[in-house]
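Here is how the chains run, residue by residue.
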Amino acid sequence: MQDQTVRVTANRAISPDFLEVEFEWRRDFGLPAPGQFFELRITETTAPLLRRPYAFSGYDPDRQVAAMVYQVRGQSTQMLARREPGQTVRVLGPLGNAFGLDGRPEKVVAVAGGVGLGPILFAARDIAAAGSAVRVVAGFRTRDLIPDRGLWHGLETAVCTDDGSEGFAGNVVDHLRSLPAADLDGARLLACGPMPMLAATHRFAQERGLVCEVSVEEMMACGLGVCVGCVVERADGEMVRVCTDGPIFDSGVLAWT
Amino acid sequence: MDLSVRIGKGVLKNPVGVASGTFGYGQEFAQVMDLDKLGAIYTKAISMEPRRGNPTPRIVETPSGMLNSIGLANVGVEKFVTDKIPFLAGLDTATVVNVVGTTMDDYCNVIKRLDDIDTVWGYEINLSCPNVEAGGIQFGTDAAMIEEITTRMRGVTEKPLMVKLSPNVTDIAEMARGAERGGADAVTCINTLVGMVIDTARQQTVIARKTGGLSGPAIRPIGVRMTHEVSRAISIPVVGIGGITNTDDALQYLLAGAKAVQVGTWNFVEPAASQDIAAGIADYMARHGIARIDDFAALLDRRKDG
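The structure presented is a predicted model; accordingly, all values stated were derived computationally and were not measured.

A. Local environment of the overall build of chain B. The helix and strand inventory of chain B stands at nine helices and 16 strands. What you see for chain B is a C-alpha radius of gyration of 18 Å, in line with the 19 Å of a compact globule of 306 residues. Projected onto the principal axes, the alpha-carbon positions of chain B cover approximately 55 × 50 × 45 Å. Across the 306 residues in chain B, those meeting the buried criterion constitute 56%. Counted over contacts in chain B with a minimum sequence separation of 6, partners at least 24 positions apart contribute 71%.

This is the structure we're talking about:
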């Protein structure tokens, strides 16, 4: 884990909703694994004050660049969207744990909601490269928000839209339910997206007796485990930190309310 | 030039510390900085029993600051002794344990449990946490209560005893005098200011417990002003805290009358920033012919407009 000032190498829109930024990440910072995140500082002033946590969407060890898919939501992401190749940002990472809590699964269904697509594709590529069977299920509100399909080139990917304007009509869990039972038999589910989607995926996994790893998001300050802002409750009542105990959790250990 | 600071029977090798609740138990930052450059590490608040803390959301960003309502989540004193002390003991920096409780006995019992451990340098008594139901700020907004609890703790330790003051009072100097009368060796000035942020789309407060403590650069002018006021009201040292991000910010506190400082919220933003501040202070002292930390106190008052 390192705290470094690095150059942006690319920053472009990949859909009307998503952008992807690429930035230098030397091997000696530590190799980012799918599911891990970094804390980004975009300014040299005190506003915005706190860094923001983002999950890696890819890492290229040859070019030594890391990537992240994001959505413009507030002041920090607005500033990031204006950052051009050659300009710098501060990055602290890699932070947190990675998908594959029990080692690399043989068969995976990787489920993405919205901007959760970035880390899910990173995980899917990593798992496919290792020779496991992997299927991606990606949900979007509507057709216009679906990014360039080149993003999941070479991966078996099902696109779902809430309004039915393209691909499967319904959300990602509706799609999972529509699959033949054999397709999911013994599969490990990985999920990254909004909390309601994670909760629904968890419930589905429980019904089918599947293990589900979720990537959890919570308001975070330090990313190092010290501020204790980003906690979630475990089923046993313990509060655990998303930044250092996660962000990937076996969904079965969390308290879902 | 001498950067050391005397507090009670103890000496800090330099005036720069890292604030309770912003630095964990030290270990987390060892990967990104040299902890031995610090004068002191003020630990996360320690209570007799482990505390799980408040519901989420616990934090939200504000203009050049943040609100937090963590609720003193900590591992409890026993686990602190077995799991955290060994690492801290290996550092060339003072371990100041921030102590919290829900009753006066709680506070005293934490100190009694720790007092025989040589590597515990001293205590910072948290009488000012705004985010818990019982203890903390309840004790810290009444000067007579501050005096009483400080007296009780003075009775169980000879180690340096600091009292962390709340700014959420009408007259912070009066609170500081209570701590001094009770036998404190120093006061820490200031804890967070109670604030609120409302999400207008959802028409509810962002922080689950509604209010949180405001910290960060936004409160620096308040911390400096209160340090100035308190350091003139008492004769024991003041440890200044609030919005320090760099050497210049720390110098403001020293010029206001502080003998030592703490970097707090900024540790979340630039985790290694605190390690350079002591050297920055030394550099400033060299340039301005200041021989020791005590000599800062008179500088502001010799200016007509100070």
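B. Spotlight on helix α2 (residues 104-114) of chain B. Residue and element names in this part refer to chain B. Listed in full, the buried residues belonging to α2 are Y107, V110, I111 and L114. For α2, the buried positions fall inside an angular range of 95 degrees around the axis, keeping them on one side. Close packing links the buried residues of α2 with α1 (77-89), β7 (94-99), β8 (120-126) and α4 (143-154).

C. Main features of the sheet that holds strand β10 (residues 156-161) of chain A. Residue and element names in this part refer to chain A. Strand order in the open sheet formed by seven strands is β11-β10-β9-β8-β12-β13-β16, with mixed pairing between adjacent strands. Whereas interior strands pair on both sides, the edge strands pair on one side only; in this sheet they are β11 (168-169) and β16 (248-250). As judged from the seven bridges shared by strand β8 (residues 107-113) and strand β9 (residues 133-140), these two strands associate in the parallel manner. Across the sheet, A112 pairs through a bridge with A138, a residue of β9. Along the sheet face, helix α5 (residues 195-208) touches β8, β12 (188-192) and β13 (212-215) and points at about 170 degrees away from the line of β13.

D. Fine view of the interface of chain A and chain B. At the junction of the two partners, chain A supplies 21 residues and chain B supplies 27 residues. Looking at the side of chain A that touches chain B residue by residue, the classes come out as 14 nonpolar, three polar and four charged.

E. Main features of the sheet that holds strand β6 (residues 65-71) of chain A. Residues and elements named next belong to chain A. If you walk across this open sheet you meet the seven strands as β4-β3-β7-β1-β2-β6-β5, and the pairing is antiparallel. Both edges of this open sheet fall to β4 (52-55) and β5 (58-60), since each of them pairs with a single strand only. Across this sheet, the average inter-strand angle for adjacent strands is 35 degrees, counted without regard to direction. Pairing between β5 and β6: three bridges, direction antiparallel. Directly across from Y59, in β6, lies its bridge partner A66.

F. Quick look at the nonpolar core. With 171 residues, the main nonpolar core has A110(A), V111(A), I120(A), V187(B) and V261(B) as its most contacted residues. For this core, the domains that each give at least three residues are domain 1 (2-95) and domain 2 (107-215) of chain A. Beyond its immediate sequence surroundings of up to four residues, A110(A) is in contact with I120(A), A123(A), A124(A), V134(A), V136(A) and L190(A).

Procedures and definitions
- Residues numbered from 1 in each chain as written.
- Chains lettered and ligands numbered in written order.
- Predicted model: local features only at pLDDT ≥ 70, side-chain atom pairs only at ≥ 80, totals over all residues.
- Helix = DSSP H or I, 4+ residues; strand = E, 2+ residues; numbered from the N terminus.
- Rg over C-alpha atoms; globule rule 2.2 N^0.38 Å.
- Buried ≥ 20, exposed ≤ 12 C-beta atoms within 10 Å, placed from the backbone.
- Contact = placed C-beta atoms within 7 Å.
- Arc of directions from axis to C-beta.
- Pairing = 2+ DSSP bridges.
- Axes fitted to C-alpha atoms, helices over the stretch in contact; angles between N-to-C directions.
- Nonpolar A, V, L, I, M, F, W, Y, C, P; charged D, E, K, R; others polar.
- Core = buried A, V, L, I, M, F, W, Y, C linked by C-beta atoms within 7 Å.
- Domains from an automatic or database assignment.

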